[in-house]
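Residue-level listing of the chains:
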Amino acid sequence: MTFQNDQIMAQQKVDNQQKTATVKNGGGARGAKFTGWEKFRNIIAVPLFFFSLYLFVVLISFLLQEGADVSHLDVSIKELLTNPNIKIENAGGKWGAILANWFINKGFGFASFIILYLSVLVSLRLAKVGKFSLAKNFGYGIFFIIWISIALAFSLSYFYKNSPILPGGAYGFLLSQHLNSVIGKFGTFFILFGSLLILIIVAFEDAWGAIIGLLNSKRPVRKEVELITNDPYLLVQPPKTIEKDRSFSKVADDDEVKIVYSEPDEDSIELEMGEVFVEDEPYQVIEKQPFDAPVADHRQMDSEEADVEIEEVDYDPTLDLSRYIFPTIDLLEDRATGNPQVTNDELMANKNKILQTLKNYSIEIEKIRATTGPTVTLYEIVPAPGVRISKIKNLEDDIALSLSALGIRIIAPMPGKGTVGIEVPNNKPEVVSMRSLIASKVFQESDFELPLALGKTISNETFVVDLTKMPHILVAGATGQGKSVGLNAIISSLLYKKHPSQLKFVFIDPKKVELNLYSVIEKHFLAKMEGMEDAIITDVQQVKDTLNSLIIEMERRYDLLKIAQTRNVKEYNVKFISRRLNPNKGHRYLPYIVVVVDEFADLIMTAGKEIELPIARIAQLARAVGIHMIIATQRPSINIITGVIKANFPTRIAFKVASMVDSRTILDTPGANQLIGRGDMLVSIGNVLTRIQCAFVDTPEVEAIANFIGKQPGYPTAWALPEYRSDSTDSPDEVDLKNRDELFDDAARIVVLNQTGSTSSIQRKFSIGYNRAGRIMDQLEAAGIVGVNAGSKAREVLIQDENSLEHILRKLPQ
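Per chain, the residues get numbers from 1 upward, laid out in the order the sequence is written. pLDDT decides what is reported in this predicted model: residues at 70 or higher carry local features, side-chain atom pairs at 80 or more are listed and counted, and totals for whole chains, interfaces and linings draw on all residues regardless. Excluding hydrogens and water, the side-chain values take into account all heavy atoms of the structure.

Peer 1: Is there a simple way to think about the overall build of the protein chain in this case?
Peer 2: Secondary structure is summarised from DSSP: a helix means a run of H or I of at least four residues, a strand means a run of E of at least two, and numbering begins at the N terminus for each. Helix and strand content of the protein chain: 28 helices and 20 strands. Note on classification: 1.4 Å probe, protein chains only; a residue is buried when its accessible area is under 20% of the maximum for its type, exposed when over 50%, partly exposed between these limits. In the protein chain, buried positions account for 44% of the 814 residues. Contact definition: two residues touch when any of their heavy atoms are within 4.5 Å. Here the contacts in the protein chain between residues at least 6 apart in sequence split such that 68% fall between residues at least 24 apart. Per-residue and other accessible areas were derived by the Shrake-Rupley procedure at a 1.4 Å probe size, with only the shown protein chains allowed to occlude residues. Approximately 43800 Å² of the protein chain is accessible, and the part contributed by carbon and sulfur atoms is 55%.

Encoded structure:
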């Protein structure tokens, strides 16, 4: 009975458990009933899952568009979402562009996709879909987010240096830079490789054993053999190792190695070493010891060499500084205020005042529209039929009075439009940062040879031009109106786009302080004459010599273009890069040369025609050979900006000036006197005026760019300009041969021996300064050993042999 009672009680317990389970499961077949917490989890899981898919779409779109929307994201979120003029290409719209930029550029770069993977796992766990370890996935996911972002920033920064996309994101870039600065690039590489190896060992149980087995695996060993043959090719240079190739087949096992030639001969000849085995095969070998020498088929060598075509790779001028890194965008400050440039209230108020002023003078208007820029808003009006445009033009001062604004400019009519333009300064102007221009799609994707990012137009578009098409620029404006900042913007644009091998600067700075910041990039981007101590040229005499040296360089380049049968430096370099021009015949890669003169007025007042004429000649002829000039002055008067200068500088940039006369001197038209200053400028290209707000790049930013470049390995010296000796030096008749240089005799012997007379060769041979070498050359001329200065060519050597030279040296006064 007891046993039966126990069975009954056990069966009742099982039945009760099944009933309890049935109640918890909501009655089985009728479906599950969720508790409040489970409903909440499902409510969270669904939007999280679809939000993850949305993020995946916007990230893919961001990468496929190559970060095209980055240039529009330098404004506030509010402005971005409310401004209809901002066009976004991302498939996820404006919010998609914001999120993609935040995840990719401001987050962890391409590793952000792992974040999406983890968010999908969370949504699946909340919905109780699938079986997986969330903690394990998060552990590996976080590791790979950090590891991949650092690895991509460390390895791909060179390939994405000019891209708006950061493959490793901001965090990867900062962590990579920090590791590089603390433990160096090799240390960073070892940490990345070691941490990945540790993860593999932790994640896979057999990983360590597989690694050890791989390291201990038996590698195939080449075997040295001794060969018996009568082949003349093998007799001349017998191979130490012969493997399977076109001529031989090998039969080998652990105990025997046998080489069988495909064409048997009748006799066999023994080499110097080795034992002869008489077998059916004419070639027999015996195994000696492992040997890792390279294999060569000597029998076919001569016949094949005639048929082999060696594929030549293109010449790459950047290989001299192959590790050069372009300046990064973070060296520039983001100066966007995030505030709307012009409010609707301001637009409506200005519109009503303009209409009222015109109505007071009985001028009817059909319609008016406004285009907002960073500092100026353009109001375009269409006058009623019969209204004279000159009548509107004469109301310039009245409109300025009604708007209580300075810098009102009326353009009547607008070029290419049937409207009259009225430019009105904004109450709260926006600063145009250099960073926004460099990061813009227009600049990044520009294929210009020498792109210049000057600023933004009235329609808020980035203004980028090609210096090679301009081809020389005259910059003028009153003191403190932005001229020096404009020069720095031009120089910074080129430094961000060109490799040191492709571009050289000649900086002329009579004031000695404006361009001095760039002295640290002397061995990267600067050019000067040999013997000059400073690459930033400040002395007037050195300026004259340098300009004449540039003329010599220009003439030499024209000679090279003539020989190469090309019309410009771009075509010439294409031929040279493709190795169609022989360097042994004097051909060389020709970098662009940009000459920047900061204070042209001071040079004209000091040296006059000696400065003006070389500049004019360079401006007339040097465009085709890749030499371009940018001259700046704060004194735009007719005795400084002469007719010769204006005729040869078709592109002109005018900042605010004091009078209409100064504006006409620069631009041949009024308008610069009506600018508002602080970088507001008019750019004249081909007689077309464009109002631009110049990009602002501050001195600390320029210094940061220059130091970033200067700290990298450079060339041994600055790029050497041709030798030029001015006529102001002592003539041979005035040279005192009694006080000859102590190196005079040795220099004379070298000149006669080499039959080449040049100051630079003496300077290099004896490691002396340029001035001393020049004095020795003058003494050689006075002694009748070399001829007169022949400009760009070496001096003629008048003495043909050493005996004649020694006869002359003995006759010289002691």
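Peer 1: Could you clarify how one ought to interpret the environment of Val625 in this entry?
Peer 2: Of note, Val625 is situated in the loop between α21 (609-621) and β16 (627-633). Using a relative accessible area of 0% as the deciding quantity, one classes Val625 as buried. In this structure, the C-alpha to C-alpha distance between Val625 and Arg557, residues 68 residues apart in sequence, is 6.1 Å. Excluding residues within four positions of it along the chain, Val625 makes contact with Met554, Arg557, Tyr558, Leu561 and Val569.

Peer 1: Help me understand the sheet that holds strand β6 (residues 376-383) in this model?
Peer 2: Strands in a sheet are paired, the pairing made by backbone hydrogen bonds, and the direction either parallel or antiparallel. Pairing between strands is defined by DSSP: at least two bridges between the two strands are required. The sheet built from 4 strands is open, its strands ordered β5-β6-β8-β7 with antiparallel pairing. The sheet is open, and its two edges are formed by β5 (365-372) and β7 (409-411), each paired on a single side. The average undirected angle you get between the axes of adjacent strands in this sheet is 20°. Strand direction decides the pairing type here: β7 and strand β8 (residues 420-425), joined by 3 bridges, are antiparallel. Bridge pairing in β8 places Ile410 opposite Ile422. With axes taken as lines fitted to C-alpha atoms, and helix axes fitted only over the stretch in contact, angles between N-to-C directions fall between 0 and 180 degrees.

Peer 1: It is not clear to me how helix α19 (residues 569-577) should be interpreted in this structure. Could you clarify?
Peer 2: For an α-helix, the turn length of 3.6 residues means that residues three or four places apart are oriented alike. Residues Val569, Tyr572, Asn573 and Phe576 constitute the buried set of α19. With its buried residues spanning 95° around the axis, α19 presents them on a single face. Those residues of α19 hidden inside the fold are in contact with α18 (540-564) and β15 (592-597). N or O atoms closer than or at 3.5 Å make up a polar contact, with two conditions inside protein: a donor-capable atom paired with an acceptor-capable one, and, for residues adjacent in sequence, both atoms drawn from side chains. At the N-terminal end of α19, a side-chain oxygen is found 3.2 Å from the backbone nitrogen of Lys570, two or three residues along, and the residue is Asn568. Directly beyond the C-terminal end of α19, a positive phi value near 60° is found at Arg579. The arc in question is the one spanned by the directions pointing from the helix axis to the C-beta atoms.

Peer 1: Hey, could you run me through the packing of aromatic side chains in this one?
Peer 2: The description of an aromatic ring pair uses the distance of the two centres, along with the angle that the planes make with each other. For Phe, Tyr and Trp, where Trp contributes only its six-membered ring, two rings pair if their centres lie within 6.5 Å, and the inter-plane angle classes them as stacked under 30 degrees, edge-to-face over 60, or tilted in between. According to the stated counting rule, one finds 14 aromatic pairs in the structure shown. The interplanar angle of 20° and the centroid separation of 5.1 Å between the aromatic rings of Phe505 and Phe507 together place this pair among those described as stacked. Each member of the pair, Phe505 as well as Phe507, is classed as buried. Ring pairs connect the aromatic residues Tyr324, Phe326, Phe505, Phe507, Tyr518 and Phe525, which therefore count as one cluster.

Peer 1: Could you clarify how one ought to interpret the pattern of salt bridges in this entry?
Peer 2: When the charged atoms of two side chains with opposite charge come close together, those side chains can pair. Any Lys or Arg side-chain nitrogen located within 4 Å of an Asp or Glu carboxyl oxygen qualifies as a salt bridge. The final tally for this structure, using the stated rule, is 27 salt bridges. The partner of Lys469 in a salt bridge is Asp466, and the shortest N-O contact between them spans 3.5 Å. Look at Lys469 and you get exposed, because its relative accessible area is 59%. We classify Asp466 as buried; its relative accessible area is 6%. Where Lys528 meets Glu522, a salt bridge forms, and the shortest distance between an N and an O atom there is 3.0 Å. On the basis of relative accessibility, which here comes to 11%, the residue Lys528 falls in the buried class. Residue class for Glu522 comes out partly exposed when judged on its relative accessible area of 22%. Here the salt bridges share partners, and the residues they tie into one network are Arg409, Glu423, Asp680 and Arg691.

Peer 1: For this particular structure, what's the right way to read the sheet that holds β16?
Peer 2: With mixed pairing, 10 strands are arranged side by side in an open sheet as β10-β9-β19-β18-β17-β11-β16-β15-β12-β14. The open sheet has two edge strands, β10 (462-466) and β14 (536-537), and neither has a second partner. Each of β9 (451-457), β11 (473-476), β12 (503-508), β15, β16, β17 (651-655) and β19 (688-694) is contacted by helix α16 (residues 483-497), which is oriented at about 130° to β9, the strand it contacts most. In this fold helix α23 (residues 660-667) packs onto β11, β17, β18 (680-685) and β19, with an angle of close to 160° to the strand it touches most, β17.

Peer 1: I would appreciate a short explanation of a nonpolar patch on the surface in the present structure.
Peer 2: A cluster of nonpolar side chains, Phe56, Val57, Ile60 and Leu64, forms an exposed patch at the surface whose accessible area comes to about 380 Å². Along the chain, Leu64 falls in helix α2 (residues 36-64). Patch construction takes residues with relative accessible area above 30% that form no salt bridge. Like charges are linked within 9 Å, and nonpolar side chains (Val, Leu, Ile, Met, Phe, Trp, Tyr) are linked within 5 Å.

Peer 1: Honestly, unusual backbone geometry in this entry has me stumped. Any pointers?
Peer 2: Of all residues except glycine, most have a negative phi; of all peptide bonds, most are trans. With an omega dihedral of -5°, the bond running from Ala412 to Pro413 counts as a cis peptide bond. Mapped onto the secondary structure, Pro413 falls in the loop between β7 and β8. With an omega of -20°, the peptide bond between Met470 and Pro471 qualifies as cis. Relative to the elements of secondary structure, Pro471 occurs in the loop between β10 and β11. Positive phi is not limited to glycine here, since Arg678 has a value of about 55°. The topology assignment puts Arg678 in the loop between α23 and β18. Despite not being glycine, Gln755 has its phi angle at roughly 55°, a positive value. Tracing the backbone through its elements, the reader meets Gln755 in the loop between α25 (744-754) and α26 (759-766).

Peer 1: When you look at the environment of Leu166 in this model, what are you seeing that I'm missing?
Peer 2: For Leu166, the location among the structural elements is in the loop between α6 (134-156) and α7 (169-203). Between the alpha carbons of Leu166 and Ser149 there is a distance of 9.6 Å; along the sequence they are 17 residues apart.

Peer 1: Would you mind showing me how to read the confidence of the model for the protein chain here?
Peer 2: Caution is warranted with low-pLDDT regions, since their predicted coordinates should not be read in detail. What pLDDT expresses is the predictor's confidence in each residue, scored from 0 to 100. Of the residues in the protein chain, 78% have a pLDDT of 70 or more, and the chain-wide mean is 78. Between residues 256-311, whose pLDDT stays under 50, and residues either more than four places distant or in other chains, the model counts 109 contacts. Scored below 50 in pLDDT, residues 728-732 shows 5 contacts in the model against residues more than four places distant or in partner chains.

Peer 1: Would you mind showing me how to read the pairing of β16 here?
Peer 2: Successive residues of a regular strand alternate their side chains across the two faces of the sheet. Counting buried residues along β16, 7 of its 7 residues qualify, which places the element largely inside the surrounding structure. Every second residue of β16 is oriented toward a common face, with Ile627, Met629, Ile631 and Thr633 on one face and His628, Ile630 and Ala632 on the other, all of them buried. One ladder, built from 4 bridges, connects β11 with β16; its direction is parallel. Within the sheet, the bridge partner assigned to Ala476 lies in β16 and is Thr633. Two strands pair when backbone bridges link them, and β15 and β16 are joined in this way by 5 bridges, in the parallel orientation. Paired with Val595 across the bridge in β16 is Met629.

Peer 1: How should I be thinking about the side chain of Thr357 in this particular structure?
Peer 2: Mapping Thr357 onto the fold places it in helix α11 (residues 344-360). Note on Thr357: relative accessible area 6%, which makes it buried. Looking at Thr357, its side chain comes within polar contact range of the side chain of Ser402, at 3.1 Å.

Peer 1: Just to check I follow, could you spell out the packing of α11 against helix α13 (residues 396-403) for this structure?
Peer 2: Helix-helix packing is characterised by the crossing angle of the two axes and by the distance between the axes. The geometry of α11 relative to α13 is characterised by a closest axis approach of 9 Å and an angle of 135° between their N-to-C directions. When the axes of α11 and α13 are compared, the pair comes out oblique. When you trace α11 past α13, the crossing you get is right-handed. Across from Asn350, Lys353, Ile354, Thr357 and Leu358 in α11, the residues of α13 making contact are Asp398, Ile399, Ser402 and Leu403. Side-chain classes follow a simple rule in which Ala, Val, Leu, Ile, Met, Phe, Trp, Tyr, Cys and Pro form the nonpolar group, Asp, Glu, Lys and Arg form the charged group, and the remainder, Gly included, forms the polar group. Tallied by class, the residues present in the contact of α11 with α13 amount to 4 nonpolar, 3 polar and 2 charged. An angle below 35 degrees is treated as roughly parallel, one above 145 as roughly antiparallel, one from 65 to 115 as roughly perpendicular, and anything else as oblique. In this scheme the crossing of two helices becomes right-handed for a clockwise turn of the near helix relative to the far one and left-handed for an anticlockwise turn of less than a right angle.

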